[in-house]
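Observations on chain architecture
Okay, here's what each chain looks like letter by letter:
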Amino acid sequence: MSLMFAKRIVILGGISFVLSGCSVVHDISSAVGIKSPKDEVAQGSVDPDEKHGFDKESQQVFDVAEATYNRGDYRTAIGLYQRVFELNPDNPEPMLRIGSILNKRGEPLAAGQAYRQVLAVDPMNVEAKRGLGLSFMARGQMDLAIEQFSEGLGIEKNTKLLNAMGVAYDKKGERQTAQRYYKAGLEIDKDNLTLLSNYGLSMSYEGRHDEALAILYPLSKNPKATVQHRQILAMAYTLSGDLDAAEQTSRIDMDDADVAKRMRYFNSLSPKVSPPSSLAVNDTTIREKAKSPVEPIDSEVID
């Protein structure tokens, strides 16, 4: 999967995975096929980070884990975060990092283990409830995901949880309920691109194409908009039957070969073919060369 789509949700679901009998460090290492790191601590002097509350030794390992993750070496980073957790079993931060990595890397079963360990340490941890809900969604169990998101919202009402709740209900085909959650999130942050994109796409699936495009087209012009947001616009054009506009939008970020692949996918979805939208004709204001192939967008995004 392209790194550009690390935050994309495609056909989300979930499954319960309860830890029993052995430590989470062993369980997660086995689940993702890695070995626990040796006991050596990374060399160098790093001041403790008050935010994480680690001692000097733990902070050194944590900093190396962060740098390792940023270099793209996810397996080694997971092992280092595990080491930090061994040194600080009451601090949930390392397990939150592990859960996030595993969810993003498409390993929701192991991610769920990490988030359950966080909740064993901190039952009110909102990010862990969201992460566990995402791991449920990735395995197809929307009701369990919604339960986690709802519990999180009972602790703290934030845009990430409201967006996740909206996505879960969209996955169930309950568009009106999903849109209520997106709108609740937009009341907190009216410029949130993820919420706006999902709200517009939800309306597209519902058949409210003009309303959807009135949101998604201006959003695609936002300087902060990504290929992900523009591909949601292309999907909205497809659902409205305007394949010409979908193709032109796709060409903003993709080369000819990838556009051809995308259009085969869009043609399989489009109910009809319409004249090009006036919103898309001759639009080159945000065109840029594609940096990597893009996979089909067939669902909402989550931030």
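Note that the structure is predicted; figures quoted are calculated from it, not measured.

1. Section: the nonpolar core
- Residues Y81, I98, M137 and F149 are the most contacted members of the largest nonpolar core, which totals 51 residues.
- The residues contacting F149, other than those within four sequence positions of it, are K129, R130, G133, L134, M137, L161, A164, M165 and A168.
- Grouped together as the second largest cluster of nonpolar side chains are 19 residues, Y217, L239, M263 and F266 included.

2. Section: helix α8 (residues 159-171)
- Here α8 is 13 residues long and its end C-alpha atoms lie 18 Å apart, about the 18 Å a rise of 1.5 Å per residue gives.
- For α8, the buried fraction is high: eleven of the 13 residues fall into the buried class.
- Among all positions in α8, only T159, L161, L162, N163, A164, M165, G166, V167, A168, Y169 and D170 are buried.
- The elements touched by buried residues of α8 are α6 (126-137), α7 (142-155), α9 (175-188) and α10 (193-206).
- Capping the start of α8 is the job of one residue whose side-chain oxygen sits 3.2 Å from the backbone nitrogen of K160: N158.

3. Structural notes on the environment of Y81
- Mapped onto the elements, Y81 comes out in helix α3 (residues 74-87).
- Between the C-alpha atoms of Y81 and I98, which are 17 residues apart in sequence, the distance is 6.8 Å.
- In contact with Y81, not counting residues within four places along its chain, are F62, A65, E66, Y69, P94, R97, I98 and I101.

4. Examining the packing of α3 against helix α4 (residues 93-104)
- Here α3 crosses α4 at 155°, and the two axes come no closer than 8 Å. What the angle tells us is that α3 and α4 run roughly antiparallel. Crossing handedness for the pair α3 and α4: left-handed. Side by side, α3 and α4 meet where Y74, I78, Y81, Q82, V84 and F85 of the first sit next to P94, M95, R97, I98, I101 and L102 of the second.
- The class makeup of the residues in the contact of α3 with α4 is ten nonpolar, one polar and one charged.

5. Some points on the packing of aromatic side chains
- The tally for this structure, following the rule as stated, stands at five aromatic pairs.
- Their ring planes at 5° and their centres at 5.8 Å tell us that Y169 and Y181 sit as a pair that is stacked. Here Y169, found in helix α8, pairs with Y181, found in helix α9; they are twelve residues apart in sequence, far enough to count as distant.
- Here a set of aromatic residues connected by ring pairs shows up, and it is made of F54, F62 and Y81.

6. Describing the pattern of salt bridges
- According to the stated counting rule, one finds 15 salt bridges in the structure shown.
- Note that K190 is salt-bridged to D191, the shortest N-O span being 3.4 Å. Grouping residues by exposure puts K190 and D191 together as exposed.
- What emerges from the salt-bridge pattern is a single network uniting E66, E93 and R97.

7. Some points on the side chain of N192
- With respect to the helices and strands, N192 occurs in the loop between α9 and α10.
- At 2.9 Å, the side chain of N192 forms a polar contact with the backbone nitrogen of L195.
- Apart from residues no more than four positions distant in its own chain, N192 is found in contact with T159 and L186.

Cut-offs applied
- Residues numbered from 1 in each chain as written.
- Predicted model: local features only at pLDDT ≥ 70, side-chain atom pairs only at ≥ 80, totals over all residues.
- Heavy atoms only, no water.
- Core = buried A, V, L, I, M, F, W, Y, C linked by side-chain atoms within 4.5 Å.
- Buried < 20%, exposed > 50% of the residue type's maximum accessible area, 1.4 Å probe, protein only.
- Contact = heavy atoms within 4.5 Å.
- Helix = DSSP H or I, 4+ residues; strand = E, 2+ residues; numbered from the N terminus.
- Expected span 1.5 Å × (residues − 1).
- Polar contact = N/O pair within 3.5 Å; in protein donor to acceptor, adjacent residues only side chain to side chain.
- Axes fitted to C-alpha atoms, helices over the stretch in contact; angles between N-to-C directions.
- Parallel < 35°, antiparallel > 145°, perpendicular 65-115°, else oblique.
- Left-handed = near helix turned anticlockwise from the far one by under 90°.
- Nonpolar A, V, L, I, M, F, W, Y, C, P; charged D, E, K, R; others polar.
- Phe/Tyr/Trp six-rings, centres within 6.5 Å; stacked < 30°, edge-to-face > 60°.
- Salt bridge = Lys/Arg side-chain N within 4 Å of Asp/Glu carboxyl O.

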